[in-house]
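Commentary on secondary and tertiary structure
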Amino acid sequence: MENKKSEGQKLFDKLSYKNENVWSKISEKDRDKVFDFCEGYKKFLDHAKTEREFAHEAEKLARKNGFIALDEIIKSGKKLTPGMKVYQINRKKSMILSVIGQKPLTEGVHIVGAHIDSPRIDLKQNPLYEDSGMVLLKTHYYGGIKKYQWVTIPLALHGVIIKENGESIDFKLGEEEDDTVFTITDLLPHLAADQMQKKMSDGITGEGLNLLFGSIPYDDEKVKEKVKLNILNILHKKYGIKEADFVSAELEIVPSFKAKDVGLDRSLVGAYGQDDRVCSYAALQAILGLDKTQNTAVCYLPDKEEIGSVGNTGAQSRFFENFLADLLVLENENYNDLLLRKTLSNSKMLSADVNAAVDPNFEGVQDKRNACYLGKGLVIQKYTGARGKVGASDANAEFIGELRRLFNEEEILWQTSELGKVDQGGGGTIAQYLANLGIEVIDCGVAVLSMHSPFEVTSKVDIYVSYKAYQAFYKKN
Ligand code: MN
Ligand code: MN
């Protein structure tokens, strides 16, 4: 009997740790659900390429699903009741959604937090200049990018321009089928002898990431910068703006291509900005579908993670605490600071962020026994940090034990991971800032290839599993 397992093999199966490919474990019906879910995800990605767009799209979905703005609830004088759905947007760039649970807030809330900003290239405040018969825009990149990946691809420009009179102009160009696009040029190989000898980090410089913006001169011999004037004229006619309006603008350069299926079996999603919209979308969908929970569920979608969670829209801001304080006041008129602190220290959180999947093209940067793989489910990461866990948020073993039990009961397949070999590098997430408040936090999310590139790759089955995991966590007792 060649199929019969020996006693030792059975014992090995029983005692050893292994993780499995989720595709092989799920039913035909669940496969359909995976593909359906990712159709919605891809569409959402195409409409939410910036943090402002994410917050805007998420608000539309929230309102459709019965969520009410916190300010409206406060104005109405209503009390918090279980099942109530609340949201708040902070400066159009970060957002919190909540479904009120049966238990009082002080017994703790269940949070899934995922950032909605992504690495990109921003315009400088005085970007426009003419050189060699062309107009270009000066830029300063945002977050950790490999600069050489951002040249010679079609790019779009998204953002807002605030005019001197306070009027806000939405700008989005390069997304529609017949829109013009922009690009950053690179040197032809024929003349790249010097460039090709440089380190990859220096081959394309930050100051050299100038966006090609136009090339027709204005028809007036007496004007010195004719192409620049022509561009300014177009901008003025089309958007009513002048050059100085760039000073009070936030314009972000992102890849203009849309999210696509990848692979002959269509098992993967390729798109810009999946770090961390793959987790923030899954967390958002999970809370949109909730109606009854024991603990209050909170979906926290901060901005600025890619540059250190700083500023008044990042995870280090007071936005999260202020939101909870507002809820506490709505629940109990006799608010005091201790109630907020108690709520925080009784709360639990999944810091939902992407992790680097093992890439067969780049052997050797990861410890394969402690790395994550595409298609093997939710990635649980006990600690982040780099070189001796410095800067890590290190989850408590007791909390991990609790989550293992939950995910195993709910048949949610998971894997454990850390980011890279011990001395290779590392990274951080929003986890530490929420942990500092007393919240029990662990990092967990989706494995990704080509992280921080213009075209990141994830596995559809992992996306769906993370959505199921976040839902189970919200509902957990
Ligand atoms: Mn991230
Ligand atoms: Mn990132």
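Residues numbered from 1 in each chain as written. Chains lettered and ligands numbered in written order. Predicted model: local features only at pLDDT ≥ 70, side-chain atom pairs only at ≥ 80, totals over all residues. Heavy atoms only, no water.

1. Observations regarding the packing of aromatic side chains
- As enumerated under the stated definition, the model contains 15 aromatic pairs in all.
- On the basis of an interplanar angle of 25° and a centroid distance of 4.5 Å, the ring pair of Phe-37 and Tyr-467 is categorised as stacked. One end of the pair, Phe-37, is in helix H3 (residues 28-47); the other, Tyr-467, is in helix H14 (residues 460-475), and 430 residues separate them in sequence. Taken individually, Phe-37 and Tyr-467 each receive the classification buried, so the pair is uniform in this respect.
- Taking the centre distance of 6.3 Å and the plane angle of 55° together, the rings of Tyr-300 and Phe-319 count as tilted. Linking Tyr-300 in strand S13 (residues 296-301) with Phe-319 in helix H10 (residues 319-331), this pair joins segments that are 19 residues apart in sequence.
- One aromatic cluster is present, formed by Phe-37, Tyr-41, Phe-44, Phe-54, Tyr-281, Tyr-464 and Tyr-467 through successive ring pairs.
- In this structure, Lys-376 is placed above the aromatic ring of Tyr-373, and the distance from its NZ or CZ to the ring centre is 5.1 Å. (Phe/Tyr/Trp six-rings, centres within 6.5 Å; stacked < 30°, edge-to-face > 60°. Helix = DSSP H or I, 4+ residues; strand = E, 2+ residues; numbered from the N terminus. Buried < 20%, exposed > 50% of the residue type's maximum accessible area, 1.4 Å probe, protein only. Lys NZ or Arg CZ within 6 Å of the ring centre and 35° of its normal.)

2. Points about helix H4 (residues 51-64)
- A rise of 1.5 Å per residue sets the reference length of H4, with its 14 residues, at 20 Å; its end C-alpha atoms lie 20 Å apart and thus fit the reference within 8%.
- The complete set of buried residues in H4 reads Glu-51, Arg-52, Glu-53, Phe-54, Ala-55, Glu-57, Ala-58 and Ala-62.
- Two residues or fewer after H4 comes Gly-66, characterised by a positive phi angle close to 85°. (Expected span 1.5 Å × (residues − 1).)

3. Topic: the pattern of salt bridges
- The tally for this structure, following the rule as stated, stands at 28 salt bridges.
- Here Lys-60 makes a salt bridge to Glu-57, at a shortest N to O gap of 3.4 Å. With Lys-60 and Glu-57 both in helix H4 and three residues apart, the pair spans about one turn of that helix.
- By relative accessible area, which is 17% here, Glu-57 ends up buried.
- Taking the shortest distance from any N to any O, the salt bridge between Arg-341 and Asp-337 comes out at 2.7 Å. A residue pair is termed a helical-turn pair when its members lie 3 or 4 positions apart in one helix, as Arg-341 and Asp-337 do in helix H11 (residues 337-345) at four residues.
- Through salt bridges with shared partners, one network takes in Glu-39, Lys-42, Asp-261, Arg-266 and Lys-460. (Salt bridge = Lys/Arg side-chain N within 4 Å of Asp/Glu carboxyl O.)

4. Examining the domain arrangement of the chain
- Segmenting the chain into domains produces domain 1 (17-118 + 272-475) and domain 2 (120-255).
- Look at where the C-alpha atoms of domain 1 and domain 2 centre, and you get two points 34 Å apart.
- Between domain 1 and domain 2, the residue contacts involve 18 residues of the former and 16 residues of the latter.
- In total, domain 1 and domain 2 occlude about 1,500 Å² of area from one another, counting both sides; carbon and sulfur atoms represent 49% of this.
- By the criterion of area lost to domain 2, the three top residues of domain 1 are Lys-49, Tyr-272 and Pro-454, representing 32% of everything that side buries.
- Of the charged contacts, one joins Glu-51 and Arg-120 as a salt bridge, the two residues approaching to 3.1 Å between their closest N and O atoms.
- The tally of links between domain 1 and domain 2 comes to nine residue pairs in polar contact (both at pLDDT 80 or more).
- The element that contributes the greatest number of residues to the side of domain 1 that touches domain 2 is H4, accounting for three residues. (Domains from an automatic or database assignment. Contact = heavy atoms within 4.5 Å. Buried area = accessible area lost by both parts, 1.4 Å probe. Polar contact = N/O pair within 3.5 Å; in protein donor to acceptor, adjacent residues only side chain to side chain.)

5. Quick look at the packing of helix H12 (residues 397-409) against H14
- Running from amino to carboxyl end, H12 crosses H14 at an angle of 110°, the nearest separation of the two axes being 10 Å. Classified by the interaxial angle, the pair formed by H12 and H14 is roughly perpendicular. For the pair H12 and H14, the sense of crossing is right-handed. Touching Phe-399, Leu-403, Leu-406 and Phe-407 of H12 are Ala-469, Ala-472 and Phe-473, all from H14. (Axes fitted to C-alpha atoms, helices over the stretch in contact; angles between N-to-C directions. Parallel < 35°, antiparallel > 145°, perpendicular 65-115°, else oblique. Left-handed = near helix turned anticlockwise from the far one by under 90°.)

6. Topic: the coordination of the manganese ion (ligand 2)
- Surrounding the manganese ion (ligand 2) are the protein donor atoms Asp-275 (OD), Glu-306 (OE), Glu-306 (OE) and His-452 (NE2), at 2.1 to 2.6 Å.
- Along the chain, the residues donating to the manganese ion (ligand 2) fall in the pattern D-x30-E-x145-H.
- A spacing of 3.3 Å is found between the manganese ion (ligand 2) and the manganese ion (ligand 1), which share Asp-275 as a donor. Remark: His-452 occurs in the loop between strand S21 (447-449) and strand S22 (456-459) and Asp-275 occurs in helix H9 (residues 274-288); sequence separation between them is 177 residues.
- When its relative accessible area of 3% is taken as the criterion, Asp-275 is described as buried.
- Residue classification places His-452 among the buried residues on the basis of a relative accessible area of 17%. (Donors = N, O, S within 2.8 Å, 3.2 Å for Na, K, Ca; no water.)

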